[in-house]
Amino acid sequence: MTYDGLVSRHLNRRLSRPAARALRPTPVTPNQVTAFTLLLAIATGAMLAAGWNIAGGIAIQAVSVIDGVDGELARLKNAASRFGAIFDAVTDRYADAAIIAGMTVYAVRFEDWPRPEFVGMLALGASLIVSYSRARIEADLPHAVRGGNLDSIFGLASRDVRSLILAIGAVLGQCYLALALVTALAALTIAWRLAYLRFAGNREPGSGNREAGAGNREG
């Protein structure tokens with residue numbers, strides 16, 4: 001099951017789906033798109049670290065849009081695979097790290113806030129835990145996933161929302177505040193998901209203390 005956050009549903013997918021359809025007759029594979037997305041994220045982090053905040057902010061949103069192309073292309077080409085799903089999930093985490101690292105360096109070099117490296121570390125950790133909490137919910141509550149009523153659990157600080165906040169913050173030259181906001185929203189989302197697992201999840205049939213598998217999903 002693929003969950004789209006608010007930004008993906010109303011903005012990103014309107015761009016990524018036509019791009020995937022355009023790539024369908026070409027020899028480009030979904031895994032190549034995934035690899036390109038990671039390289040673009042690394043370049044984005046480098047741009048931000050160098051002080052090119054406007055270009056970097058635009059590139060953050062471009063990464064978010066292109067990140068949806070590989071999954072769409074895999075479906076169109078009937079090329080979905082377990083490796084592709086795991087490859088996408090792993091590269092997404094590295095992409096997040098590259099962008100947050102670039103924004104942290106920008107905040108250190110060009111902004112006047114206390115301990116920006118600490119805020120960057122918190123933003124990265126919170127983002128990774130948000131993604132992990134999603135994987136656990138999907139693994140432990142398959143009935144809820146199949147029901148499709150997960151907006152209230154996966155919303156607020158899903159990956160597409162976090163990316164848009166970071167993009168806007170970068171363009172405005174306020175990387176520190178964007179990282180702090182992502183940290184706060186991610187913490188609220190994690191708390192909400194834990195509460196859901198504690199009170200609603202225990203009533204779901206088949207729930208248990210299992211380690212989650214990786215998948216081709218946004219956090």
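Residues numbered from 1 in each chain as written. Predicted model: local features only at pLDDT ≥ 70, side-chain atom pairs only at ≥ 80, totals over all residues. Heavy atoms only, no water.

J.: Would you mind going over the overall build of the protein with me for this structure?
T.: Helix and strand content of the protein: ten helices and zero strands. Sequence-ordered secondary structure for the protein, helices as α and strands as β, is α-α-α-α-α-α-α-α-α-α. A separation of at least 24 residues holds for 83% of the contacts in the protein among residues at least 6 apart in sequence. As presented, the protein carries roughly 10,600 Å² of accessible surface, and 67% of it is formed by carbon and sulfur atoms. (Helix = DSSP H or I, 4+ residues; strand = E, 2+ residues; numbered from the N terminus. Contact = heavy atoms within 4.5 Å. Areas by Shrake-Rupley, 256 points an atom, 1.4 Å probe, with all protein chains shown as cover.)

J.: Quick question: what am I supposed to make of helix α3 (residues 53–66) here?
T.: Along an α-helix, a turn takes 3.6 residues, which lines up residues three or four apart on a common side. The first and last C-alpha atoms of α3 sit 20 Å apart over 14 residues, in line with the 20 Å expected at 1.5 Å per residue. Tucked inside the fold, the buried residues of α3 contact α1 (6–23), α2 (30–50), α4 (69–76), α5 (82–110) and α9 (159–171). (Expected span 1.5 Å × (residues − 1).)

J.: Before we go on, may I ask you to explain the confidence of the model for the protein in this structure?
T.: In the predicted model, the protein carries a mean pLDDT of 87, and 83% of its residues have values of at least 70. Averaged over each element, pLDDT in the protein is lowest for helix α8 (residues 151–154) (59) and highest for α2 (98). Between residues 207–217, whose pLDDT stays under 50, and residues either more than four places distant or in other chains, the model counts 28 contacts. (pLDDT = per-residue confidence, 0-100.)

J.: Help me understand the packing of aromatic side chains in this model?
T.: For any two aromatic rings, the description comes down to two numbers: the centre-to-centre distance and the angle of the planes. Considering all chains together, one arrives at three aromatic pairs under this definition. Taken together, a centroid distance of 5.6 Å and an interplanar angle of 10° make the contact between F83 and F87 stacked. With F83 and F87 both in helix α5, this residue pair falls four residues apart, about one helical turn. (Phe/Tyr/Trp six-rings, centres within 6.5 Å; stacked < 30°, edge-to-face > 60°.)

J.: In this structure, what is going on with the packing of α1 against α9? I would like to understand it.
T.: Two quantities define a packed helix pair, namely the angle between the helix axes and the distance between the axes. At a closest axis distance of 7 Å, the pairing of α1 and α9 adopts a crossing angle of 70°. One element, α1, and the other, α9, form an angle in the roughly perpendicular class. α9 is crossed by α1, and the crossing has left-handed handedness. Facing α1, whose interface residues are L6, V7, S8 and N12, α9 presents D160, V161 and L164. (Axes fitted to C-alpha atoms, helices over the stretch in contact; angles between N-to-C directions. Parallel < 35°, antiparallel > 145°, perpendicular 65-115°, else oblique. Left-handed = near helix turned anticlockwise from the far one by under 90°.)

J.: I tried to follow the packing of α1 against α4 on my own but got confused; where do I start?
T.: Where α1 contacts α4, the axes come no closer than 8 Å and their chain directions differ by 45°. Looking at the two axes, α1 sits oblique to α4. When you trace α1 past α4, the crossing you get is right-handed. Of the residues in α4, those touching α1 at R13, S16, R17, A19, A20, R21 and L23 are V69, E72, L73 and L76. Of the residues contributing to the contact of α1 with α4, the split by class is six nonpolar, one polar and four charged. (Nonpolar A, V, L, I, M, F, W, Y, C, P; charged D, E, K, R; others polar.)

J.: Explain the side chain of T189 here, please?
T.: The topology assignment puts T189 in helix α10 (residues 175–199). Polar contacts involving the side chain of T189 include one to the main-chain amide nitrogen of A157, which spans 3.3 Å. (Polar contact = N/O pair within 3.5 Å; in protein donor to acceptor, adjacent residues only side chain to side chain.)

J.: Is there a simple way to think about the environment of I168 in this case?
T.: Here I168 lies in helix α9. Between the alpha carbons of I168 and G57 there is a distance of 6.4 Å; along the sequence they are 111 residues apart.

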